[in-house]
Amino acid sequence: MTYVVVEACIKCKYMDCVEVCPVDCFYEGENMLVIDPDVCIDCGVCEPECPVEAIKADTESGLERWLALNAEYAKTWPNITQKGTPPADAKEFDQVGQKYETYFSEKPGSGS
Ligand code: SF4
Ligand code: F3S
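Note that this is a predicted model, so its numbers are computed, not measured.

(A) Representation of the overall build of the protein. Across its full length, the protein carries 2 helices and 4 strands. Across the protein, helices and strands are ordered from the amino to the carboxyl terminus as β-β-β-β-α-α. Scaling as 2.2 N^0.38, a compact globule of 112 residues should have a C-alpha radius of gyration of about 13 Å, and the protein matches this with 12 Å. Its C-alpha atoms give the protein principal-axis dimensions of about 30 × 30 × 25 Å. Across the protein, the mean location of the 9 positive side-chain charges is 6 Å away from that of the 21 negative side-chain charges.

This is the structure:
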């Protein structure tokens, strides 16, 4: 089992999750973060930190696609351990659904 970052993170990227992780397993893309499923110890402390509920236990149904995406991009995006500045327009995307098709970016973030 692991926790995974899901669609709600895209374009919100609040980063409240990163500093509580005891094993530093968040990785930063241009528009979202992912968790490395091979390193996550399933402690769950990051889950309530996210204001848009973008962190889920992979035991929830229907998350296979997000587990695969987290695993894939954790290999290439830079590690992030410190909260940066969220996107200026993050709030505008809090309630937006179906963000993947329009806003997902394969580009890496800057990490920290
Ligand atoms: Fe890190 Fe724990 Fe969240 Fe896994 S569940 S990403 S180990 S804080
Ligand atoms: Fe994303 Fe929520 Fe963390 S929006 S960056 S999973 S605090």
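Let us keep going from here.
(B) Structural view of the environment of A54. Along the chain, the position of A54 falls in the loop between strand 3 (33-35) and strand 4 (55-57). Along the backbone, A54 and V5 are 49 residues apart, and their C-alpha atoms lie at a distance of 5.6 Å.

(C) The nonpolar core, seen in detail. If you look at the biggest cluster of nonpolar residues, it comprises 36 residues, and the most contacted ones within it are F26, M32, V34, I35 and I55. Here V34 is in contact with V5, C25, F26, Y27, L69, N70, Y73, A74 and W77, once residues within four sequence places are set aside.

(D) Spotlight on the site of ligand 2. Ligand 2 sits among C9, K13, Y14, M15, D16, C17, L33, C50, P51, V52, A54 and I55. Looking at the shell around ligand 2 residue by residue, the class counts come to 10 nonpolar, no polar and 2 charged.

(E) Representation of the pattern of salt bridges in the model. On inspection of all chains with the given rule, the structure shows 4 salt bridges. K83 serves as the salt-bridge partner of D16, at 2.7 Å between the closest nitrogen and oxygen. With D16 in the loop between strand 1 (3-5) and strand 2 (26-28) and K83 in the loop between helix 1 (64-73) and helix 2 (100-103), the pair connects residues that are 67 residues apart, well separated along the chain. The partner of D94 in a salt bridge is K91, with the nearest N and O atoms 3.1 Å apart. Judged by its relative accessible area of 19%, D94 is buried. Owing to a relative accessible area of 66%, K91 belongs among the exposed residues under this scheme.

(F) Here's a closer look at the site of ligand 1. Around ligand 1, a shell composed of 13 residues is seen, among which C21, C40, C43, G44 and C46 lie nearest. Grouping the constituent residues of the shell around ligand 1 by class yields 12 nonpolar, 1 polar and no charged.

(G) Examining the side chain of D36 more closely. Looking at where D36 falls in the secondary structure, it is placed in the loop between strand 3 and strand 4. This buried residue, D36, is left without a salt bridge; K75 holds the nearest opposite charge, at 7.5 Å. Looking at D36, its side chain comes within polar contact range of the main-chain nitrogen of D38, at 2.9 Å.

Thresholds applied
- Here, residues in each chain are numbered from 1, in the same order as that chain's written sequence.
- Chain letters and ligand numbers both follow the written order, the letters beginning at A and the numbers at 1.
- It should be noted that, the model being predicted, local features are given only for residues of pLDDT at least 70 and side-chain atom pairs only at 80 or more, the latter also being counted only at that level, while totals for whole chains, interfaces and linings use all residues.
- Hydrogens and water are ignored here; the side-chain numbers use all heavy atoms of the structure.
- Numbered from the N terminus, helices here are DSSP runs of H or I no shorter than four residues, and strands are runs of E no shorter than two.
- We compute the radius of gyration from the C-alpha atoms alone; for a globule the expected value is 2.2 Å times N to the 0.38, where N is the number of residues.
- Counting rule applied: Lys, Arg positive; Asp, Glu negative; His and chain ends not counted.
- Where a charge sits is defined by one atom per residue type, namely NZ (Lys), CZ (Arg), CG (Asp) or CD (Glu).
- Nonpolar core, defined: a set of buried Ala, Val, Leu, Ile, Met, Phe, Trp, Tyr and Cys residues in which side-chain atoms within 4.5 Å join the residues together.
- When accessible area is computed with a 1.4 Å probe and restricted to protein chains, residues below 20% of their type maximum are described as buried, those above 50% as exposed, and intermediate ones as partly exposed.
- Contact definition: two residues touch when any of their heavy atoms are within 4.5 Å.
- Note on definitions. A residue lies near a molecule or strand when any single heavy atom of the residue is within 4 Å of it.
- Here the nonpolar group is Ala, Val, Leu, Ile, Met, Phe, Trp, Tyr, Cys and Pro; Asp, Glu, Lys and Arg are the charged ones; every other residue, Gly included, is treated as polar.
- We define a salt bridge as a side-chain nitrogen of Lys or Arg found within 4 Å of a carboxyl oxygen belonging to Asp or Glu.
- Polar contacts, as used here, are pairs of N or O atoms within 3.5 Å; protein pairs need one atom able to donate a hydrogen and one able to accept it. Residues neighboring in sequence count only if both atoms are side-chain atoms.

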